[in-house]
Amino acid sequence: MFYYICLRRRSRSGTRGEALTSRRAVESGQRAVLPVSVEVEQYAKEVLDFSSHYGSENSMSYTMWNLAGIPNVYPSSGDFTQTAVFRAYGKWWEQCASAPLAFRRTPDGFHSQDYIELGFEEPVYPTAVEVFETYYPGAIVQILACSHNPFSQNPPTDVRWEVLWSGEPTKALTPQARQFSPKIKHINFPTNLLRLEVNSSLLDYYTELDAVILRGVKERPMLALYKMPLIDISDLSDSEEEMSDVGGPFKPGGDGKQQRTANGYFDKLPYELIQLILSHLTLPDLCRLAQTCKLLHQHCCDPLQYTQLSLQPYWARLSDASLGHLQSRCTLLQRLNLSWTGSRGALTLTGFSSFLKARGLSLVCLELSCCHFLNEPCLEVIAQACPKLQELNLSSCDRLHPQAFTHISKLSLLRRLVLYRTKIEQTALLSILTFCPEIRHLNLGSCVRVEDYDVVASMLATRCRSLCSLDLWRCRNLTDRGLAELVTGCRTLEELDLGWCPTLQSSTGCFQQLARGLPRLRKLFLTANRTVCDSDIEELAACCPALQHLDILGTRLVSAASLKKLLQSCPQLVLLDVSFCSQVDTRAVQELSSLFPGVAIKKMTPTPAERRHDRREVHQRVLAPRRVRVTPNAGRSSCSS
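Quick notes on the rules
- Residues numbered from 1 in each chain as written.
- Predicted model: local features only at pLDDT ≥ 70, side-chain atom pairs only at ≥ 80, totals over all residues.
- Heavy atoms only, no water.
- Helix = DSSP H or I, 4+ residues; strand = E, 2+ residues; numbered from the N terminus.
- Buried < 20%, exposed > 50% of the residue type's maximum accessible area, 1.4 Å probe, protein only.
- Contact = heavy atoms within 4.5 Å.
- Areas by Shrake-Rupley, 256 points an atom, 1.4 Å probe, with all protein chains shown as cover.
- Core = buried A, V, L, I, M, F, W, Y, C linked by side-chain atoms within 4.5 Å.
- Domains from an automatic or database assignment.
- Disulfide = S-S within 2.5 Å.
- Salt bridge = Lys/Arg side-chain N within 4 Å of Asp/Glu carboxyl O.
- pLDDT = per-residue confidence, 0-100.
- Phe/Tyr/Trp six-rings, centres within 6.5 Å; stacked < 30°, edge-to-face > 60°.
- Axes fitted to C-alpha atoms, helices over the stretch in contact; angles between N-to-C directions.
- Parallel < 35°, antiparallel > 145°, perpendicular 65-115°, else oblique.
- Nonpolar A, V, L, I, M, F, W, Y, C, P; charged D, E, K, R; others polar.
- Polar contact = N/O pair within 3.5 Å; in protein donor to acceptor, adjacent residues only side chain to side chain.

Concerning the overall build of the protein
Logical step 1: When you go through the protein residue by residue, the secondary structure sums to 17 helices and 26 strands.
Logical step 2: Here the protein holds 641 residues, and 52% of them are scored as buried.
Logical step 3: By sequence separation, contacts in the protein at least 24 residues apart represent 77% of the contacts at least 6 residues apart.
Logical step 4: Surface accessibility of the protein: about 29700 Å² in total, with carbon and sulfur atoms responsible for 52%.

Here you go:
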């Protein structure tokens, strides 16, 4: 149990006798009924869901599971493996060829890119939320509370989400640790389920989170009982008499008096111009405007307004009924974003299938990241109802059964497929590659159930020769043989992520062969491969002039001289990560940065405290018995890659 009870005297606190009685109950181990003034302080009991993390599915290092329990690092600052780290940072990620096109009508106030959901022991009425940020803080943009108890045995009914706090993406002045505790809104239900949403686009490096505290009271605060709802004047409708007084163009009446036309000035505007104006409205505003008059209802329901539909910003309140309401307007729908939607029963197979069967015929893009309502029948419906589908994103749909992925092979026109953190197995993957030869962008990051990536690479080289981007982040068994086949068969590759692939060794010449075989390469991640050497960098400089992003974090064999050659030969380079490269010191980075100011050269160096911690961790792993930390999904070993 990760929580404890603090007794605090406040201006609205109970009597001294109540406080003393509760304190004696706590000291004697009894669970007494707490007075309103008693505040419960608790750390997260369990990590329930998240959209991405830097770490491996089979480790605890840099994973979201580190957010459960008391702080591991705070108040220390720096890069620590015991923290929670999301997969991406900065804006460069969105500039890659593999990045999907942005959806129109995304609200200006929706900034979230990643999220994590945390369960706490006791439901409380929140009074404060504290987040321990230990490295590059400022990514949190929204904190929400849920009415559903995630540890309840009863199925969720009438699930409500309330925003406790929201803000815009920020960038802290220093990367030092801080305790982030924004002023939160009071809500009228108890909660033990929080959701943090983040946006790391303004940060210079990965943000790291250590722990989260939820403070609150067991009983509903008195202020909340008497709080009157706020009335939004903009929601009040005018009467017909008042509406008739609104100014507008006149036409002469039969009695010689001036009369207003039915639609005012809108009668003088071309239909296309009104459509253009309405195209700038968000989806809720469009639906509200449709209720004002018949003319605007006609414009707001025009199918041309719904060729693209992003429902991700409204994940908290989207339901089967919502899809049913929109269905009649989406006859020309081409791109649909349902990412993050449907959790805890909000969307069902019936509602999802009904919508796709009616409107999936012209669909070319379907975003379903973190959609945990998906099951095998849902993927079967997608395969049957969306024959023209070219883009499918199933990122972090980690509850899909491996057998479900076999249906994807029926989508023969697929060009972009994201399977990050899914349970796809090798048989289903090979079937997809066999029957979907048009794939241009493929993300297999953290797909740990694929047994032999050499076989996958061979199939890609044979069937998908027009491949443009390939993400093999943390694939554990790709060898130089598989990489050689991939480079030979897919010579149009522009992006290749081989981060944390420990079986690739520079001594085999695989990285030099990669550089010679992929002249169009724009992005290359060789993260944490300690065998990358100067010869590999010089070959990249000679053969890959279009290179824009290079990550060689952790290598011990690259010098500043070879990096200078690379920077001179690759004028389009904008990102170079040389963190923990022992031969490239801070002074060398400063000199290179002054010579090439347009390149963001990342250099994170472990502090003395971190070095001592790493040595101690290695010593404990070697000499101590193996420790296993159990999570909701599976046992996660505590060793780092």
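Quick word on the nonpolar core
Logical step 1: If you look at the biggest cluster of nonpolar residues, it comprises 110 residues, and the most contacted ones within it are L356, I408 and L496.
Logical step 2: Residue assignment places this core across two domains, with domain 2 (282-434) and domain 3 (452-620) each supplying three or more.
Logical step 3: In terms of nonpolar packing, the next biggest core, distinct from the first, is built from 34 residues, M64, I140, F189 and L214 among them.

Brief notes about the state of the cysteines
Here is the idea: a disulfide is a covalent bond, and it sits between the sulfur atoms of two cysteines.
Logical step 1: Enumeration over the complete set of coordinates arrives at 0 disulfides.
Logical step 2: Looking at C570, it has no disulfide partner, and the nearest cysteine sulfur is the one in C544, 7.1 Å off.

Quick notes on the pattern of salt bridges
Logical step 1: Evaluation of the coordinates by the stated rule reveals 26 salt bridges.
Logical step 2: As a salt-bridge pair, E538 and K565 come within 3.5 Å of each other at their nearest N and O atoms. Note that E538 is positioned in helix α14 (residues 534-543) and K565 in helix α15 (residues 560-569), a separation of 27 residues in sequence.
Logical step 3: By relative accessible area, E538 is classed as partly exposed at 34%.
Logical step 4: Linked by salt bridges that have partners in common, E117, R195, E197 and R344 make up one network.

Let's talk about helix α9 (residues 376-385)
Logical step 1: Restricting attention to buried positions, one finds in α9 the residues C378, L379, V381, I382, A383 and A385.
Logical step 2: Those residues of α9 hidden inside the fold are in contact with α8 (349-359) and β15 (365-367).

Some points on the confidence of the model for the protein
Logical step 1: Averaged over the protein, the pLDDT score is 86; the fraction of residues at 70 or greater is 82%.
Logical step 2: In the predicted structure, residues 224-251 sits below a pLDDT of 50 and forms 22 contacts with residues beyond four places in sequence or in another chain.
Logical step 3: Here residues 613-641 is modelled with pLDDT under 50, and outside its nearest four sequence neighbours on either side it reaches 45 contacts, counting other chains as well.

Considering the packing of aromatic side chains
Logical step 1: This model, assessed by the stated rule, comprises 20 aromatic pairs.
Logical step 2: Note on Y54 and W473: the rings are 5.1 Å apart at their centroids and 75 degrees apart in plane angle, and the pair reads as edge-to-face. Placement of the pair is Y54 in the loop between β3 (46-50) and β4 (84-85) and W473 in the loop between β19 (469-471) and α12 (480-489), with a sequence separation of 419 residues. W473 shares its class with Y54; the two are buried.
Logical step 3: Considering the side-chain rings of Y89 and Y206, the 4.6 Å spacing of their centres and the 65 degrees angle between planes classify their relative orientation as edge-to-face.

Looking at the packing of helix α11 (residues 453-463) against α12
Logical step 1: The geometry of α11 relative to α12 is characterised by a closest axis approach of 8 Å and an angle of 10 degrees between their N-to-C directions. Accordingly, the angle class assigned to the pair α11 and α12 is roughly parallel. Residues D454, A457, S458, L460 and A461 of α11 lie in contact with α12, whose contacting residues are R481, G482, E485, L486 and G489.
Logical step 2: For the contact of α11 with α12, a count of residues per class yields 4 nonpolar, 3 polar and 3 charged.

Section: the environment of H148
Logical step 1: Looking at where H148 falls in the secondary structure, it is placed in the loop between β6 (140-146) and β7 (161-166).
Logical step 2: Among the residues examined, H148 registers a relative accessible area of 14% and is labelled buried.
Logical step 3: Sequence separation between H148 and P123 is 25 residues; the distance between their C-alpha atoms is 9.4 Å.
Logical step 4: Ignoring any residue separated from it by four or fewer positions in sequence, one finds H148 in contact with N154, P156, V159, N192, L193 and R344.

Considerations on the packing of helix α10 (residues 426-435) against α11
Logical step 1: Interhelical geometry of α10 versus α11 gives an angle of 10 degrees and a closest axis separation of 9 Å. Here α10 lies roughly parallel to α11, going by the angle between them. Residue-level inspection shows Q426, L429, L430, L433 and T434 of α10 in contact with α11, the latter providing V455, V456, M459, L460 and R463.
Logical step 2: In terms of residue class, the contact of α10 with α11 is made up of 7 nonpolar, 2 polar and 1 charged.

Overview of α10
Logical step 1: Residues of α10 that are buried: Q426, A428, L429, L430, I432 and L433.
Logical step 2: Along its buried surface, α10 packs onto β17 (416-418), β18 (441-443) and α11.

A word on unusual backbone geometry
Logical step 1: A cis amide bond links Y74 to the next residue, P75, at an omega of 15 degrees.
Logical step 2: Assignment of secondary structure puts P75 in the loop between β3 and β4.
Logical step 3: Despite not being glycine, R344 shows a phi value in the positive range, around 55 degrees.
Logical step 4: Secondary-structure assignment places R344 in the loop between β14 (335-337) and α8.
Logical step 5: Note on R344: relative accessible area 24%, which makes it partly exposed.

With respect to the environment of P107
Logical step 1: Note that P107 resides in the loop between β4 and β5 (114-135).
Logical step 2: Here P107 falls in the buried class, since its relative accessible area comes to 18%.
Logical step 3: For the pair P107 and Y314, spaced 207 residues apart in the sequence, the C-alpha separation amounts to 9.9 Å.
Logical step 4: If sequence neighbours within four positions are ignored, P107 has contacts with T282, P313 and Y314.

Some details on the side chain of R440
Logical step 1: Relative to the helices and strands, R440 is located in the loop between α10 and β18.
Logical step 2: A polar atom in the side chain of R440 sits 2.7 Å from the backbone oxygen of E438.
Logical step 3: Excluding residues that lie within four positions of it along the chain, R440 makes contacts with R415, S466, L467, C468 and S469.

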